[in-house]
Amino acid sequence: MAFSGALTLTDLNDFITPSQACIKPVEQLNAPENVNEAGAASTEIRIDASGSYFEVSSTPSVQDATASKSPGRKLQQAQISLNDCLACSGCITSAESVLITLQSHTEVLNFFEGNPPASAPGHKVPVLSIAPQSLASLSATLSSSSAGPVGLRQVMRRVVAFCTQVLGFEHVYDMTFARHISLLEHAREFWERKQGGKLPMLASACPGWICYAEKTHSEMLPFVSQTKSPQQVMGTLVKSWLASTWGKQPDQIYHVTVMPCYDKKLEASRQDFYNDVYSTRDVDCVITTGELDLLMREKGWDLSVPVPGEDNAEKLEGIPELLLHPGTSSGSYLHSLMSAVRHASPEPVDLSMKMIRTSDYEEYTLYKQSTGEAVFKGAKCYGFRNLQNVVRKVGKEAGVQVGRGAAGRMAGVRVRAKKNGVDGDEKRYDYVEVMACPGGCVNGGGQLRPIGKASERTADEEGYVRNWEENGVSMAAGGDETSVPLPKWGNREWTKVVEKAYWDELPSPGIGSDELNYADRIAVGVQVDMCRPEDAGRTRWDADMDSGAEERRRELFRTNYRAVESEVIGLAVKW
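Quantities reported herein were computed from a predicted structural model and do not represent experimental measurements.

Reading the values: the criteria
Residues numbered from 1 in each chain as written. Predicted model: local features only at pLDDT ≥ 70, side-chain atom pairs only at ≥ 80, totals over all residues. Heavy atoms only, no water. Helix = DSSP H or I, 4+ residues; strand = E, 2+ residues; numbered from the N terminus. Buried < 20%, exposed > 50% of the residue type's maximum accessible area, 1.4 Å probe, protein only. Contact = heavy atoms within 4.5 Å. Areas by Shrake-Rupley, 256 points an atom, 1.4 Å probe, with all protein chains shown as cover. Axes fitted to C-alpha atoms, helices over the stretch in contact; angles between N-to-C directions. Parallel < 35°, antiparallel > 145°, perpendicular 65-115°, else oblique. Left-handed = near helix turned anticlockwise from the far one by under 90°. Nonpolar A, V, L, I, M, F, W, Y, C, P; charged D, E, K, R; others polar. Core = buried A, V, L, I, M, F, W, Y, C linked by side-chain atoms within 4.5 Å. 1 Å grid on protein atoms, 1.4 Å probe; cavity = no way out; pocket = protein on both sides within 12 Å on 5 of 7 lines; lining within 4 Å. Points joined across faces, edges and corners; volume = space filled by probe spheres on them. Pairing = 2+ DSSP bridges. pLDDT = per-residue confidence, 0-100.

1. Focus on the overall build of the chain
- On a plain count of helices and strands, the chain comes out with 15 helices and 16 strands.
- Counting all 575 residues of the chain, 50% fall into the buried class.
- Sequence-distant contacts in the chain: of pairs separated by 6 or more residues, those separated by 24 or more amount to 72%.
- Total accessible area computed for the chain in this model is approximately 26900 Å², and 50% of it derives from carbon and sulfur atoms.

Printed below as a string of structure tokens:
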């Protein structure tokens, strides 16, 4: 299978290195002096022992006279901000290796240093939200070096203790309740599309996939779900709903999220999630699991040490905690929809599953027990290799010409005859759960990595032979030369360990359980508070509201995506 030239320039996972086709213009802050003779170089660049760049005179007389005074002018490094990266179309999905200036654990520390006391007018309330996949990564790492397993609830209590006692966060939440609301709105959008919208609906929780679609396959955007991801729903809850209960405005809150993926930094920086009225973002700063671990190490916090009350199952604050949604560790979007379809069906349905290539690409079909008629067909698609196949399949089924190059052209859409598409007897996809990372979110690029033996592994997690040294995996300095951090694209065995930690030590509620019913009631209360429907006695999230409330629902819990047109011509790329 052939890939685009831009895609094959980098590793096929959820993040990329700065693309060879990066079009970010460099602002020259140090204006050069006038050169008297055209074409004659009067300066040269030198690098000192610290790696800094200096411009020095190459004219002997001038150089001799000034050598003792100054090493030359220090040159400024070019920086690429998150907004620059989002505006660029030279890259594929994200910016793991790009210099990210405002999304790091250092920025969190800088905030606390500059945040006035609680009694001061300019004080901001610091709030932290952590993804369950990040908790699973921490749990797996702790369990592998501890005498017994350390569950997610224990890890959560220890993270809360560190963030409140050491850093100074006033509120710490996990993100499963925000995911619950996202799943409810996701199902609502699916039923709307069934009544007359674009199908199949493609998941939108993975920002790596979204950035890739916007820049490479804009013809897929009408199929992409507009429901906000759990991170951005959590941003809405913190800055709007919870802030109002604390008597605060959105700009009086500083919201930090801990996520398993570098791409979430880009998602939080989207202009769609910026509040123009209060000049604040829904999520102010995103750090990865690895950055949280680094932060704890810098502060001398040992996460392996138990804290008082860590086995207490009582909720820390008023919203549901550590909700389990049966399905996948990447959000259970597909399985939650299948449960909704199953409950909406007037007669019993059965489920069949077919693995296409690996467990990263599976098809699920719900069919009537009486007639065998398929009523729903969906797929789980993880990793860019599988994603390419799904994009082509969706385009073929929908009669859409799949774009080639850096961005698909909406004007190039054309409908084909059914005979040139798919077999009319074959059930088409209704939904696809798309994630950029092989293995899903538990294998995100920001997760903790184990130490392994490089000599024992000759292939990556997708079975492709890799030369670790050529791919940038260096040996650990001062230690065993065969002990190196595993490659950034992950490891199947370790992903299984993190997956197990994600599902262990949590209750296993089925659909309709008391815990999820409680979450539904709280979610409806959030909807009433934020959307302000005329019928305040509503009991279901998916029930219709008046037009004003529906408009507020869309503003709060949905977003939009747009194509990014390429300004880069592949043949013009300079190596």
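From this point, the discussion proceeds with the structure in view.
2. Here we look at the packing of helix α6 (residues 176-194) against helix α15 (residues 547-557)
- Running from amino to carboxyl end, α6 crosses α15 at an angle of 120 degrees, the nearest separation of the two axes being 12 Å. By the angle between their directions, the pair α6 and α15 is classed as oblique. Viewed along their axes, α6 and α15 form a crossing whose handedness is left-handed. Counting all contacts with α6, which are made through Ile181, Glu185, Arg188 and Glu192, the residues of α15 involved are Glu550, Arg553, Arg554 and Phe557.
- Among the residues making up the contact of α6 with α15, the classes are represented as two nonpolar, no polar and six charged.

3. Digging into the nonpolar core
- Core analysis: the biggest nonpolar cluster contains 43 residues, and Leu202, Trp209, Phe376, Leu387, Tyr431 and Val432 have the highest contact counts within it.
- Counting residues per element, the ones that place at least two in this core are α6, β6 (201-202), α7 (207-216), α11 (333-344), β12 (361-368), β13 (374-382), α12 (384-398) and β14 (431-435).
- When residues no more than four places from it in sequence are discounted, the contact partners of Leu387 are Trp209, Tyr212, Cys381 and Val434.
- Ranked by size, the runner-up nonpolar core spans 38 residues in total, among them Phe112, Cys163, Val172 and Leu448.

4. Some remarks on empty space enclosed by the protein
- Taken as a whole and assessed by the stated rule, the structure comprises eight cavities of 30 Å³ or more.
- As a volume, the largest cavity reaches approximately 270 Å³.
- Listing elements by their share of the lining of the largest cavity, those giving two or more residues are α4 (132-144), α6 and α8 (230-245).
- Taken together, the residues of the lining of the largest cavity sort by class into 15 nonpolar, seven polar and two charged.

5. Digging into the sheet that holds strand β5 (residues 171-174)
- Spatially, four strands are ordered β5-β4-β7-β10 in an open sheet, and the strand pairing comes out parallel. Strands at the two margins of the open sheet, each flanked by one partner only, are β5 and β10 (285-288). With strand direction ignored, the average angle separating the axes of adjacent strands in the sheet is 20 degrees.
- Summarising the sheet, strand β4 (residues 125-130) and β5 pair through four bridges and their orientation is parallel. For Val127, the partnering residue across the bridge sits in β5 and is His171.

6. Brief notes about the confidence of the model for the chain
- Scored by pLDDT, the chain comes out at a mean of 78, with 70% of its residues at no less than 70.
- For residues 405-423, every residue scores under 50 in pLDDT, and the model assigns this stretch 39 contacts once sequence neighbours within four places are set aside.

7. Regarding the sheet that holds strand β2 (residues 53-57)
- Here three strands make up an open sheet; going across it, the order is β1-β2-β3 and the pairing antiparallel. The open sheet terminates on both sides in strands that have one partner only, identified here as β1 (43-47) and β3 (73-74).
- In terms of strand pairing, β1 meets β2 through five bridges, oriented antiparallel. Across the sheet, Ile47 pairs through a bridge with Tyr53, a residue of β2.

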